Amino acid sequence: MTLLITGGTVIGPTGAAPADVLVDGETIAATYAPGTGPSDTETLDATGRYVIPGGIDAHTHMELPFGGTFASDTFDTGTRAAAFGGTTTIIDFAVQRTGEVVRDGLAAWHAKAEGNCHVDYAFHMILGGVDDDSLKAMDQLVADEGISSFKLFMAYPGVFYSDDGQILRAMQKARDNGAVIMMHAENGIAIDVLVRQALARGETDPIHHGLTRPEALEAEATHRAIMLAEVARDCPLYIVHLSASRALAEVAAARDAGRNVFAETCPQYLYLTLEDQLGAPGFEGAKWVCSTPLRSKHETHQRDLWQGLRSNDLAVVSTDHCPFCFKDQKELGVGDFSKIPNGIGGVEHRVDLLYQGVVDGKLSLERWVETIATTPARMFGLYPRKGVIQPGSDADIVLYDPNGRTRIGVETHHMNMDHSAYEGYEIAGKVETVISRGEVIVSSGEYRGAKGRGKYLPRGLSSYLV
Ligand code: URP
Ligand code: ZN
Ligand code: ZN
Ligand code: ZN
C-alpha cells in the first residue's frame, strides 16, 4: 500500500521545507517537491501542517517496581498514550534487580512488553549491581540482544545504587564494548542523611522530598560521573533527567573540552517548579515528587535548561515517564515523604510541551525535532531507521497542526493516572495524525492502532559519539 502525504512542511534537524512524502508499506519511499509525486496513490492532505518524524521517548518506566508498588502504566496503556502524543518509539528501562541475573531481568521485561505495545519499543538495561557476572552480561546484551546502553544509579542506596568502584568498572566495560553509560547523578548517600534528619525534625510533607535533594548534590554527582568516565578512557556518558543549572554547567564544561558527555532534560524541569508543589494543598504536593526533584522558579534553572537545549549541551528531551496514581500509590507516603513513589507521568505530552517552546521563541523548529526524535535515534543506535524523514527510514510520521490547541488534564489524557502534573496547561499546537510504520494509528483524536502491533527494536551502537 502506498500513501502520499501532500502539502505539508517537512521538518528535520537541517531545516524546514515544503515537500510531499511517499510512504510505501512500512517505510518512506521518497520525498518530492510539492505536487510532483505520483498521482495514482492514496493521499493524505497535510496542508498547513508540520510533517515531522515520530517522537522517540528515550526514557520511560512502564510498570517500574518502586517503593512497594509499580508504575501505573502498562506497556499497553503507556504506549497507546504515547501514540496519542505523537511518540512512535519508546526506550524503556529493563531492570536487573539487585541480586538478580541480568538476563532474567531482561526476560521479565520482554514478557511485560511483548504483544502489548501500540508503538515500537526498545530497552536500556538498569544494572542493579556491578560484578563479574553483570559485566559479562553487558557484553552479551550489546552483542546479542540489541541493548547498547546501561543505567547506573548514584542515588537510592540499598535499591539500585552503585558505588564509585562499581561505576568505574561498568564504565571501563562500556568503553570496550561501545555501550553508553546512563547516569542517575545524585549523591544518594548524602541525600539519605538529609532525609533522615528532616524526618527526625518532623518534616514529613511532600515538599521535603525536593528540599532534601539540593542542587549541589546533583552537580557533585554529575561532576563525579564525568571524572569517572574520564578515568575510564572517555567512556560515553549520558546524564539522565538533568534538572539544575550547576549540573548543566558540569556537562557544558566537559563538552567544551571535547568529551563524550551528553545529557537529557525532561519537560517537568522545563515547566514545573518546586512552587507548584508548595502551592498544592495538603498531601497533594506528592503529585510532583520525582527524582531529580523539581527546582525553584526563583533560581536560574529553567532559563539555563532552555539555553542548554539551544546550545546542545542538552541533546535530548525525554519524559522519564514514571506515573503513579495519587490514590493508594502516592498516598503510600502520607506521614513520610520518603515513601512517596518517585515519578511524574508525561509520555503523552512531550511533543506538545516542547512545541510550546517553539511558540514561546525558546527553541527553533529544527531543534524541536532534533531533541525529541533525531538525536535520541542517533544517541541510542536507532538511526536512520528512526528519527528522520528520508527514503528507507520507517514511516513513523506525525502531522502536527501549529494552529491547533491541546489542553492537558486528567479528563482528556490517555495515561493510566488519576491526576496530571500539568493539569490545565494549554498548548498552542496539536498532534493531528500519527503514522507508525506506515499505519495511521491516530487521526484527529481517534485511535486506530492496536495492542501488539508495536515491535521490539534491537539497537546498534550509538552513532552520536565524538
Ligand atoms: O522520579 C523518577 N525519576 N522516577 C523514576 C526512576 C528514575 O530514577 O528515573
Ligand atoms: Zn533516575
Ligand atoms: Zn558548550
Ligand atoms: Zn527514569
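I will try to describe carefully the structure that is included in this document. Every value quoted in this text rests on a predicted model; they were computed, and no experiment measured them.

Conventions and cut-offs
- Residues numbered from 1 in each chain as written.
- Chains lettered and ligands numbered in written order.
- Predicted model: local features only at pLDDT ≥ 70, side-chain atom pairs only at ≥ 80, totals over all residues.
- Heavy atoms only, no water.
- Axes fitted to C-alpha atoms, helices over the stretch in contact; angles between N-to-C directions.
- Helix = DSSP H or I, 4+ residues; strand = E, 2+ residues; numbered from the N terminus.
- Parallel < 35°, antiparallel > 145°, perpendicular 65-115°, else oblique.
- Left-handed = near helix turned anticlockwise from the far one by under 90°.
- Contact = heavy atoms within 4.5 Å.
- Nonpolar A, V, L, I, M, F, W, Y, C, P; charged D, E, K, R; others polar.
- Near = heavy atom within 4 Å.
- Polar contact = N/O pair within 3.5 Å; in protein donor to acceptor, adjacent residues only side chain to side chain.
- Areas by Shrake-Rupley, 256 points an atom, 1.4 Å probe, with all protein chains shown as cover.
- Pairing = 2+ DSSP bridges.
- Donors = N, O, S within 2.8 Å, 3.2 Å for Na, K, Ca; no water.
- Buried < 20%, exposed > 50% of the residue type's maximum accessible area, 1.4 Å probe, protein only.

### A word on the packing of helix α3 (residues 132–144) against helix α4 (residues 164–177)
At a minimum axis separation of 10 Å, α3 and α4 run at an interaxial angle of 25°. Classified by the interaxial angle, the pair formed by α3 and α4 is roughly parallel. Crossing of α3 against α4: the hand is right-handed. In contact with Asp132, Leu135, Met138, Asp139 and Val142 of α3, α4 contributes Arg169, Ala170, Lys173, Ala174 and Asn177. Of the residues in the contact of α3 with α4, the class split is 5 nonpolar, 1 polar and 4 charged.

### A few points about the site of ligand 1
The immediate surroundings of ligand 1 are formed by 13 residues, with Lys151, His184, Ser291, Asp320 and Asn342 found nearest. A distance of 3.0 Å separates an oxygen atom of ligand 1 from a polar side-chain atom of His184. Gly343 has a polar backbone atom sitting 3.4 Å from an oxygen atom of ligand 1. Look at ligand 1: alone it shows 260 Å² of surface, and the protein chains cover 99% of it. Across the shell around ligand 1, the residue classes break down as 4 nonpolar, 7 polar and 2 charged.

### A look at the environment of Leu274
Tracing the backbone through its elements, the reader meets Leu274 in helix α10 (residues 274–278). Between the C-alpha atoms of Leu274 and Ala200, which are 74 residues apart in sequence, the distance is 22 Å. Each residue touching Leu274, except ones within four places of it in the same chain, is listed here: Ile207, Gly210, Leu211, Leu294, Arg295 and Ser296.

### Let's talk about the sheet that holds strand β1 (residues 2–6)
The mixed open sheet is built from 4 strands, whose spatial order is β5-β4-β1-β6. The open sheet has two edge strands with one neighbour each: β5 (27–32) and β6 (42–45). Across the sheet, the axes of successive neighbouring strands diverge by a mean angle of 25°, strand direction being ignored. Where β1 lies against β6, 4 bridges are found, and the strand directions are parallel.

### Here we look at the sheet that holds strand β18 (residues 397–407)
Taken in spatial order, the 7 strands make up an open sheet running β3-β2-β7-β18-β19-β20-β21, and their pairing is mixed. Bordering the open sheet on either side are β3 (15–18) and β21 (446–447), each of which pairs with just one other strand. For strand β7 (residues 50–53) and β18, the ladder comprises 4 bridges, and the chain directions are antiparallel. Counterpart to Pro53 in the pairing with β18 is Ile397. Each of β7, β18 and β19 (426–436) touches helix α12 (residues 350–359); the most contacted strand, β19, lies at about 130° to it.

### Details of the coordination of the zinc ion (ligand 4)
Binding of the zinc ion (ligand 4) to the protein goes through His59 (NE2), His61 (NE2) and Asp320 (OD), at separations of 1.9 to 2.1 Å. Every donor residue of the zinc ion (ligand 4) comes from the same chain, spaced as H-x1-H-x258-D. Between the zinc ion (ligand 4) and the zinc ion (ligand 2) the interatomic distance comes to 3.9 Å. Taken as a pair, His59 in strand β8 (residues 55–60) and Asp320 in the loop between β17 (316–317) and α12 lie far apart in primary sequence, 261 residues in all. Residue His59 shares its accessibility class with Asp320, and that shared class is buried.

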